[in-house]
Amino acid sequence: MKRHITTPIYYASGSPHLGHAYTTLVATCLRRYAEMDDHEVILASGTDEHGQKIEQAATRADVPLLKFVEARSNEFASLWQSLALPIDLFTRTTAAHHQSVTVDLWQRMAANGDIYKGHYEGLYCVECEEYFTSGENCPVHRVPLQKFAEESYFFRLSAYQQRLIDHIKGHQNFIVPIARRNEVLALLTENTLRDLSISRTSTTWGIPVPGDNQHVMYVWIDALATYLSALGPLNSDRFAEYWPNTIHCIGKDILTFHAVYWPAILWSAGLTIPDSIVVNGWLTVEGRKIAKSDPATILDPVELTECVTVDGLLHYFLKSVNLGHDLDFRRDILIDVVNTDLANTIGNLYARYSGLMQRFYPGGFVVEAQPKNRLLDEVAVLSEQYLHDMESFSLTQASKCFLRIANLVNKDIQDVEPWRLPEGEALQQYLACLHHVLRDLAILGEPFVPVLMQKARGLIGSPEVARLSDIGVWQPHICSTESEVIFPRVEYST
Ligand code: ME8
């Protein structure tokens, strides 16, 4: 099966920061889980380069537009590279192939009778590139809303209200977590959707509306269309294979665009809609959202990962708060969590196993049949729970399950004191059970801490690749390599 996972395409108006890295890391976590489940995965990201916000940023910087967006876009692409995040497709909205797919999308909506010309009068936040019906200031950026009055093309969004409600109610995993799903349902059931203004005449920095060069497309139509154009023309094989299996990872700030406008646009164009929209909350610093408009909140993902590794950062994000809720970033807590969970709980567990093996059976041994053992039964129950959590995108719960297994095994070793067991069958059977659960554990942790898990699998002499289908499968060759520190403690001074 194919799986298409996306991050937002980030605005090329400024440099990337920890907030962008958060969503992209969540997307890589889902990617690894899908791969473990034998899916062929495409992870797509990119940059959003049109619209007034970008135009104004380039003017402020006094750099020609194309040069400006190219430099910002390169910063995003190189950040993902330096964090070694596996992005397969990186699409820029200024790319020619993107423009032709976006025009195709528009023409399909128009052919369906869903686009008409009218007059827009209302409020707008350039920072959000979003229309508002009331209020003086933008609720996110706290800047005054601007009054706009211009000729505009409209999309018949209102025609899709009931279909949206029905779809969300009928598909538990369409918007996750549930708090975010309820938020969208409340918006749809308590308000009447208005048609959406989808073109502008007050800027030329965008994709021209087909057949009317006076207008450029509203930047959000252009941006959302990247999810399609990344895969190729709408009639291409890759598009047909991957698009019907799409998961979008986003932050809560852009939920309405993804969960209300986007499905309606896709239905209008005769396309299927994504399986799931996985929403993260905001990362804040002392309560303030990390944002490029608030320089004091900016944290450098590269510096942080040099300190705690990419595994450490993702583990902290997932462990600290249920996905979808806000997380106030604390460096001291990040270091504590990483030391306690990764260096101590996980690192020591594998070190204890390999220490025992090196002491008693450095050459390994064979146990053909799986022994009956209470620890194995308990781990099997937790593995089931983990799978259930991952399938419902409860990443925090799944990562807690992973740690619970590690704690359980650590405690079992303490209780059993295997070094006191008589050498021979009893000790071999216990070490074989340990090997079995550590092998399962090194698969279950793959979505969250892949580098660490690869080292763990190396230490117990198991295959490099983590596969869900290997979980619980008995492996008779029990071995280990020399004990090594697979996750060194992080010092506070770094
Ligand atoms: O909205 N906490 O781009 P953008 C958590 N171009 N996540 C954060 C964050 C924070 N403090 N700050 C940013 C856009 N993010 C549009 C998207 S998609 C078709 C177009 C993450 O550069 C989060 O995923 O403002 C958020 O939704 C996204 O970056 C916004 O990035």
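The preceding data block contains the structure.
Within every chain, residues take consecutive numbers counted from 1 along the sequence as written. Given that the model is predicted, a residue must reach a pLDDT of at least 70 before its local features are reported, and side-chain atom pairs must reach 80 or more before they are shown or counted; all residues, however, enter totals for whole chains, interfaces and linings. The side-chain numbers reported here are obtained from all heavy atoms of the structure, hydrogens and water having been left aside.

J.: Explain the overall build of the chain to me, and be specific about the residues and the numbers.
T.: Per the convention used, a helix needs a DSSP run of H or I reaching at least four residues, while a strand needs a run of E reaching at least two, with both numbered from the N terminus. Helix and strand content of the chain: 16 helices and 18 strands. It is over C-alpha atoms that the radius of gyration is taken, and the globule rule equals 2.2 Å times the number of residues to the power 0.38. Relative to a compact globule of 494 residues, whose C-alpha radius of gyration would be 23 Å, the chain shows 25 Å and is just as compact. Structurally, the chain occupies a C-alpha span of about 85 × 45 × 40 Å along its principal axes. Relative accessibility thresholds used throughout: buried, under 20% of the residue-type maximum; exposed, over 50%; partly exposed, between the two (1.4 Å probe, protein chains only). For the chain, the proportion of its 494 residues judged to be buried stands at 57%. Two residues form a contact once any of their heavy atoms are found within 4.5 Å. Within the chain, contacts between residues separated by at least 24 positions form 77% of all contacts whose residues are at least 6 apart in sequence.

J.: Tell me what's going on with the nonpolar core, and back it up with residues and numbers.
T.: Core analysis: the largest hydrophobic core is formed by 98 residues, its most contacted members being Ile346 and Tyr350. Tallying contributions element by element places helix H12 (residues 331-360) first for this core, with 13 residues. Per-domain counts for this core show at least three residues from each of domain 1 (2-280) and domain 2 (331-478). Ignoring sequence-local partners within four residues, the contact set of Ile346 consists of Asp341, Phe402, Leu403, Ala406, Leu441, Leu452 and Met453. In this text, buried Ala, Val, Leu, Ile, Met, Phe, Trp, Tyr and Cys residues form a nonpolar core when linked through side-chain atoms within 4.5 Å. Counting 71 residues, the second largest nonpolar core, distinct from the first, contains Met109, Tyr160, Leu164 and Trp220. Residue ranges for the domains trace back to a domain assignment, done automatically or taken from a database.

J.: Tell me about the packing of helix H13 (residues 374-391) against helix H15 (residues 425-444), and name the residues and values.
T.: Helix axes are fitted only over the stretch in contact, all axes being lines through C-alpha atoms; the angle between N-to-C directions runs from 0 to 180 degrees. Running from amino to carboxyl end, H13 crosses H15 at an angle of 10°, the nearest separation of the two axes being 10 Å. Comparing their axes, H15 and H13 come out roughly parallel. Seen from H13, the contacting residues are Leu375, Leu376, Val379, Ser383 and Tyr386; seen from H15, they are Cys433, Leu434, His436, Val437 and Leu444. For the contact of H13 with H15, the per-class residue count stands at eight nonpolar, two polar and no charged. An angle counts as roughly parallel when it lies under 35 degrees, as roughly antiparallel when it exceeds 145, as roughly perpendicular when it falls between 65 and 115, and as oblique in every other case. All residues other than Ala, Val, Leu, Ile, Met, Phe, Trp, Tyr, Cys, Pro, Asp, Glu, Lys and Arg, Gly among them, are scored as polar; the first ten of these are nonpolar and the last four charged.

J.: Residues and numbers for the pairing of strand S4 (residues 115-125), please.
T.: We call two strands paired when DSSP finds no fewer than two bridges between them. The pairing of S4 with strand S6 (residues 146-155) spans 10 bridges and is antiparallel. Bridging across to S6, His119 finds its partner in Glu151. Bridging between S4 and strand S5 (residues 130-132) involves three bridges; their strand directions are antiparallel. Within S5, the residue paired with Leu123 across the bridge is Phe132. Here S4 folds back onto S5, and the loop between the two strands holds four residues, one of which, Glu129, carries a positive phi near 50°.

J.: So what about the site of the ligand? Which residues, and what values?
T.: The local shell around the ligand holds 26 residues, among which Ile9, Thr23, Asp48, Asp253 and Leu283 are the closest. Identification of polar contacts relies on pairs of N or O atoms within 3.5 Å, with a donor-acceptor requirement for protein atoms, meaning one able to donate a hydrogen and the other able to accept it, and with residues adjacent in sequence counted only if both atoms are side-chain atoms. Within the backbone of Ile9, an N or O atom sits 2.8 Å from a nitrogen atom of the ligand. For the ligand, a nitrogen atom lies 2.7 Å from a polar atom in the side chain of Asp48. The protein chains hide 96% of the 670 Å² of surface that the ligand would expose on its own. Note on terminology: near, applied to a residue and a molecule or strand, indicates that one of the residue's heavy atoms is within 4 Å of it. Where accessible areas are quoted, they stem from the Shrake-Rupley method and a 1.4 Å probe; at the residue level, only the protein chains shown are allowed to cover.

J.: Just give me the short version of unusual backbone geometry, but keep the residues and values in it.
T.: Going from Val176 to Pro177, the amide bond is cis rather than trans, its omega being 0°. By the element assignment, Pro177 lies in the loop between strand S7 (175-176) and helix H6 (178-190). In this structure, Asp62 takes a positive phi of about 60° despite not being glycine. Within the secondary structure, Asp62 is located in the loop between helix H2 (52-61) and helix H3 (65-82). Owing to a relative accessible area of 71%, Asp62 belongs among the exposed residues under this scheme. Backbone geometry places Ala84, a non-glycine residue, at a positive phi of 55°. With respect to the element layout, Ala84 can be found in the loop between H3 and strand S3 (89-92). By relative accessible area, which is 63% here, Ala84 ends up exposed.

J.: An account of the packing of aromatic side chains is needed here, citing residue identities and associated values.
T.: Only centres within 6.5 Å qualify two rings of Phe, Tyr or Trp (six-membered ring in Trp) as a pair; their planes then separate them into stacked at under 30 degrees, edge-to-face at over 60, and tilted for everything else. Applying the stated criterion across every chain yields a total of 21 aromatic pairs. Considering the side-chain rings of Phe155 and Tyr160, the 5.8 Å spacing of their centres and the 25° angle between planes classify their relative orientation as stacked. The pair Phe155 / Tyr160 is uniform in exposure class, with both members buried. An angle of 10° between the planes, with centres 6.0 Å apart, marks the rings of Phe239 and Trp243 as stacked. This pair shows no difference in class: Phe239 is buried, exactly as Trp243 is. Members of the aromatic cluster, joined through ring pairs, are Tyr120, Tyr124, Tyr131, Phe148 and Tyr218. For a Lys NZ or an Arg CZ to count as sitting over a ring, it must be within 6 Å of the ring centre and within 35 degrees of the ring normal. When the ring centre of Phe68 is taken as origin, the NZ or CZ atom of Arg72, which lies over that ring, is 4.9 Å away. One residue, Lys252, lies across the ring of Trp282, its end atom 4.6 Å from the ring centre.

J.: Before we move on, could you go through the sheet that holds strand S12 (residues 246-251) and cite the residues and values that matter?
T.: If you trace the six strands from one edge of the open sheet to the other, you get S3-S2-S1-S12-S13-S7, paired in parallel fashion. Pairing within the sheet leaves two strands with one partner each, and these edge strands are S3 and S7. One ladder, built from two bridges, connects S7 with strand S13 (residues 276-280); its direction is parallel. Bridge pairing links Ile175 to Ile277 in S13. Strand contacts of helix H10 (residues 255-268): S7, S12 and S13, with the helix running at about 145° to S12, the strand carrying the most contacts.

J.: Summarise helix H11 (residues 301-320); cite the residues concerned and give the values.
T.: Helix length check: H11 (20 residues) gives 17 Å between terminal C-alpha atoms against 28 Å at 1.5 Å per residue, more than 12% under. The seven residues ending at a residue and the seven starting there each receive a fitted axis; the angle between those axes is the bend at that residue. Its maximal kink placed at Val308, H11 deviates by approximately 100°. A helix is expected to span 1.5 Å for every residue after the first.

J.: Explain the pattern of salt bridges to me, and be specific about the residues and the numbers.
T.: For salt bridges, the criterion is a side-chain nitrogen of Lys or Arg within 4 Å of an Asp or Glu carboxyl oxygen. Within this structure, the stated rule accounts for 25 salt bridges. Arg92 is the salt-bridge partner of Glu49, the closest N and O atoms lying 2.7 Å from each other. Of this pair, Glu49 sits in the loop between strand S2 (40-48) and H2 while Arg92 sits in strand S3, and the two are 43 residues apart along the sequence. Of the charged contacts in the structure, one is a salt bridge between Arg200 and Glu150, with a shortest N-O distance of 2.8 Å. In this pair, Arg200 sits in strand S9 (residues 199-200) while Glu150 sits in strand S6, placing the two residues 50 residues apart along the sequence. In terms of burial, Arg200 and Glu150 fall into one category: buried.

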